[in-house]
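Chains, contacts and geometry: an overview
Residue strings, one per chain:
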Amino acid sequence: MKNLEKNLYNPYFSHIYVEKEALEYFKASEIIKKFPDSEIIEISHYKDVFSRVHQNCTIQKKSPKLILAVKKDHLIYEGATVCEDFGNNHFYYTSTMMNCIYDCEYCYLQGMYSTANIVVFVNIEDVFSEVEKVLAKHSVYLSVSYDTDILALEHVIGHGKRWIEFSKNHKNLKIELRTKSANFKAIEDMISQENFILSWTLSPDKIIRSHENRTPFLTERLFDVKEAIRKGWQVRLCFDPLIYAKGWRGFYKEMIEKVFSEVPAEKILDISIGVFRVSKDYLMRMKKQRSDSVILNYPFKSVDGVCSYDKKLAQDMVCYIYDLVKKYIAEDKIYT
Ligand code: SF4
């Protein structure tokens, strides 16, 4: 039955929507060449497809389409205050892609976008120019895998490598690329940069299996973490978002012990810990998309428009993980 269901859907990226203007970019033709069997559909603006109303993300996740576009505005954003800046001044983020190949049940992108289709902006050079304008005024800490997971699609898009090259020539720029992938192989030929942080979100296998559809298991992510460290990269580990489920203490403890039995703790740049939190509006839309989700139907508390576990549970979870982690990592390297 499962196979039957699989065969009923088109393969990933069976259709590629391309803005007329994007067709003029080398990156667009490079990507299109990788999908010789896909149907190419010319469009005038990515939002005509991406932002249509009445789309069903859950169904689209089974067979997402690719949209190639030219980014015209908001090339970089200032980081929101709810986001961890790891002690850096001038925190910015940029989205050279929108949406993600993975399908985490708790992903806020389901509340942010009305589709599961993926947009790739083919004019990354314009984003570079915008970053350079800000760099002319002050240093920048830039998160480049925001609202997406760029390493997961590196073999198709190649934006990770472009950012690594860019960071090489801009020493007052610090970049973080965050991922749940096990796709380090796609960038392993690059030389590690002091100002480029590879950051892995780690979850217990119990959470991965039940709620992080299509993401690699913990062992696979850890394999990449170790490879990246071995090749001299700055590596951050993110235990964020912590997800409440029955028996959470047990499976999070097991995960932390596994992580530090394999990864040399002294080589880790820093760690972040945080519980699941999302804007009230996004949560409402997420629940519509996944009405049967146990995670999303938790009776969250809303404070200033942000929904999360009640204060006591949130503190219990963060403190519990913090206490486990501090056995291995100096406390000034742990961000909560
Ligand atoms: S990996 Fe991150 S961005 Fe991708 S679906 Fe999961 S939570 Fe969303």
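Everything here concerns the structure above.
In what follows, the accompanying structure is described. No experiment lies behind these values; they were computed from the predicted model shown. (Residues numbered from 1 in each chain as written. Predicted model: local features only at pLDDT ≥ 70, side-chain atom pairs only at ≥ 80, totals over all residues.)

A look at the overall build of the chain
Convention followed: Each helix is a run of H or I in the DSSP string that is no shorter than four residues. Each strand is a run of E no shorter than two, and both are numbered from the N terminus. Each radius of gyration is computed over the set of C-alpha atoms, and the globule rule expresses the reference value as 2.2 Å times the number of residues to the power 0.38. Counting other C-beta atoms within 10 Å of its own, a residue is labelled buried from 20 upward, exposed at 12 or fewer, and partly exposed in the gap between, with every C-beta atom placed from the backbone. In this description, any two residues whose backbone-derived C-beta atoms lie within 7 Å of each other are considered to be in contact.
A count of helices and strands for the chain gives 13 helices and 18 strands. Here the C-alpha radius of gyration of the chain, 20 Å, is about what a compact globule of 336 residues would show, namely 20 Å. In terms of overall dimensions, the chain has a C-alpha envelope of 55 × 50 × 40 Å along the principal axes. Of all 336 residues assigned to the chain, the portion counted as buried reaches 40%. For the chain, the proportion of contacts with a sequence separation of at least 24, taken over those separated by at least 6, is 77%.

As for the site of the ligand
Rule in force here: Any residue qualifies as near a molecule or strand once its backbone-derived C-beta atom lies within 6 Å of it. Residues are sorted three ways: Asp, Glu, Lys and Arg are charged, Ala, Val, Leu, Ile, Met, Phe, Trp, Tyr, Cys and Pro are nonpolar, and all the rest, Gly among them, are polar.
Within the structure, the ligand sits among C100, Y102, D103, C104, C107, L109, D149, K180 and T215. When grouped by side-chain class, the residues that make up the shell around the ligand number five nonpolar, one polar and three charged.

Describing the environment of I150
By the element assignment, I150 lies in the loop between strand 9 (140-143) and helix 7 (154-157). As for I150 and K287, which are separated by 137 residues in sequence, their C-alpha atoms are 26 Å apart.

Here we look at the nonpolar core
Stated precisely, the cut-off is as follows: The nonpolar core criterion groups buried Ala, Val, Leu, Ile, Met, Phe, Trp, Tyr and Cys residues into a set whenever they are joined through C-beta atoms within 7 Å.
Among the nonpolar cores identified, the biggest contains 83 residues, and I67, L68, V119 and V120 are the most heavily contacted of them. Looking at this core element by element, the count peaks at five residues for strand 13 (residues 234-242). Those residues in contact with I67 that lie beyond four places of it in its chain are Y17, Y46, V49, F50, N117, I118 and V119.

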